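Residues per chain are reported as follows:
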Amino acid sequence: MIDGTEEDHEFGLEDDSSAVIAAVGRQIKLWREAAGLRAAELGLIIGYSENLVFKVEGGRRIPKPEFLDRTDAAVGANGKVSAMKKDVEEARYPRKVRDLAKLEAEAIEIGSYANGVIDGLLQTEEYARALYPQRRPAYTEDDIERLVAARMARQVVFDRRPAPLLTFVQEEATLRRRTGGRMVLRRQLEHLLELSQLRHVEIQVMPMEAEEHAGLGGSHRVLKLMDGKTVGLNEVQLIGLISDPRQVQILDMRYNLLRSQALTPRLSREFIEKLLGET
């Protein structure tokens, strides 16, 4: 299982979804050829470049719903190409991200401590887009687009009803680091203040001057699910799902201590407002 809090982790892009996208691409090519169209001709009809058509057919680019609908009409597939939209949508995001999103959809409470970057659920699109190019080995542009889209899609958790309790503890350093530049950071801080106004969201800052700190073991999160189970995510270098009750209890204890040691939500808002004024 993987989370979006630490940006330096492998998302496993070469997962089961790659086979689905490759199969969809092959089907599109077969329909195009059966219709007697060259890639450039199909691209002209549906409003996409020849290069993009080749990428989709080669499984190197995930087609958008409108690409499939327009192709369906252009090749006379009578809905057979459009019908692949559901499969493509499910394969759009890396499997590990899909698994995490499923857990978040089942959670009645999510608690997250982040010490490297802003938590993935709290990130703006600009902030996320500035993070991924820093990965080594480097991602391709297509990979970055896919990962940013996955990150943004997970944020639907804020709109769930009934709303889960979402709590976050952010290290002060993550709020000061100018990832993406000054304006990207400013917008990120503004976004944190906006989210902190939601009744089911609490954001706390762990100041660098704090002498007591229960989270020195690294970033982690705890999810309490609808069925009464609690699971944890340990995010030190390689992220792993933790379901053993004893280990989850330890993570939960650490997180509760962290919340008691961090600034209160009200003082944290004031702290972020001060940082915003200085940025």
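The structure this text deals with has already been given above.
Every chain begins its residue count from 1, and numbering advances along the sequence as written. Local features in this predicted model are restricted to residues of pLDDT 70 or higher, and side-chain atom pairs are both shown and tallied only at a pLDDT of 80 or more, whereas totals for entire chains, interfaces and linings draw on every residue. Only hydrogens and water are set aside; all other atoms, that is, all heavy atoms of the structure, feed into the side-chain values.

Caption draft 1: Structural context of the packing of helix α2 (residues 39-46) against helix α4 (residues 65-75). Simply put, an axis is a line fit to the C-alpha atoms, just over the touching stretch for a helix, and the angle between two N-to-C directions goes from 0 to 180 degrees. In this text, helices come from DSSP runs of H or I with a minimum length of four residues, and strands from runs of E with a minimum of two, each type numbered from the N-terminal end. Contact geometry for α2 and α4: axes closest at 9 Å, N-to-C directions at 115 degrees. The pairing of α2 with α4 is recorded here as roughly perpendicular in orientation. Regarding α2 and α4, the two cross each other, and that crossing is right-handed. For the pair formed by α2 and α4, the contact residues are Leu42, Ile45 and Ile46 on the first element and Phe67, Arg70, Thr71, Ala74 and Val75 on the second. Reported orientations rely on four angle classes, namely roughly parallel under 35 degrees, roughly antiparallel over 145, roughly perpendicular from 65 to 115, and oblique for the rest. Crossing chirality is assigned from the near helix's rotation relative to the far helix, an anticlockwise turn below a right angle marking it left-handed and a clockwise turn marking it right-handed. Only heavy atoms matter for contacts: two residues are in contact if any of them lie within 4.5 Å across the pair.

Caption draft 2: Region of the structure containing the pattern of salt bridges. Just to be clear on terms, a salt bridge is a Lys or Arg side-chain nitrogen sitting within 4 Å of an Asp or Glu carboxyl oxygen. Taken as a whole and judged by the stated rule, the model has 18 salt bridges. Between Arg32 and Glu57 there is a salt bridge, with its nearest N and O atoms 2.6 Å apart. With Arg32 in helix α1 (residues 16-34) and Glu57 in helix α3 (residues 50-57), this residue pair connects regions lying 25 residues apart in the sequence. Relative accessibility under 20% of the residue-type maximum defines a buried residue, over 50% an exposed one, and the middle range a partly exposed one, all with a 1.4 Å probe and only protein chains included. According to the relative accessible area criterion, Arg32 is buried, its value standing at 7%. Residue Glu278 pairs with Arg176 through a salt bridge whose shortest N-O separation is 3.9 Å. A residue pair is termed long-range when its members are at least 10 positions apart, and Glu278 in helix α12 (residues 265-278) and Arg176 in helix α9 (residues 172-176) qualify at 102 residues. Look at the salt bridges and you will find they share partners, linking Glu104, Asp119, Arg154 and Arg221 into a network.

Caption draft 3: Region of the structure containing the environment of Val201. With respect to the secondary-structure elements, Val201 resides in strand β3 (residues 201-206). Judged by its relative accessible area of 3%, Val201 falls in the buried class. Residues Val201 and Leu166, 35 residues apart in the sequence, show an inter-C-alpha distance of 4.8 Å. Other than its neighbours up to four places away in sequence, Val201 contacts Phe158, Leu166, Phe168, Leu195 and Ser196.

Caption draft 4: Highlighting the environment of Ala105. Tracing the chain through its elements places Ala105 in helix α6 (residues 95-106). Judged by its relative accessible area of 41%, Ala105 falls in the partly exposed class. Put simply, Ala105 and Leu225 are 120 residues apart on the chain and 8.8 Å apart in space, counted from C-alpha to C-alpha. Setting aside residues up to four positions removed in sequence, Ala105 forms contacts with Arg160 and Met226.

Caption draft 5: Main features of unusual backbone geometry. Look at the link from Arg136 to Pro137: it is a cis peptide, with omega at 0 degrees. With respect to the helices and strands, Pro137 occurs in the loop between α7 (125-131) and α8 (141-154). The omega torsion of the bond from Arg161 to Pro162 falls at 0 degrees, within 30 degrees of zero and hence cis. Secondary-structure assignment places Pro162 in the loop between α8 and β2 (165-171). Even without being glycine, Asn78 reaches a positive phi, approximately 55 degrees. In this structure, Asn78 sits in the loop between α4 and α5 (85-91).

Caption draft 6: Quick peek at the environment of Val184. As for its position among the elements, Val184 is in helix α10 (residues 182-196). Between the alpha carbons of Val184 and Glu126 there is a distance of 6.3 Å; along the sequence they are 58 residues apart. Discounting residues that sit within four places of it in the chain, Val184 has contacts with Glu126, Tyr127 and Thr179.

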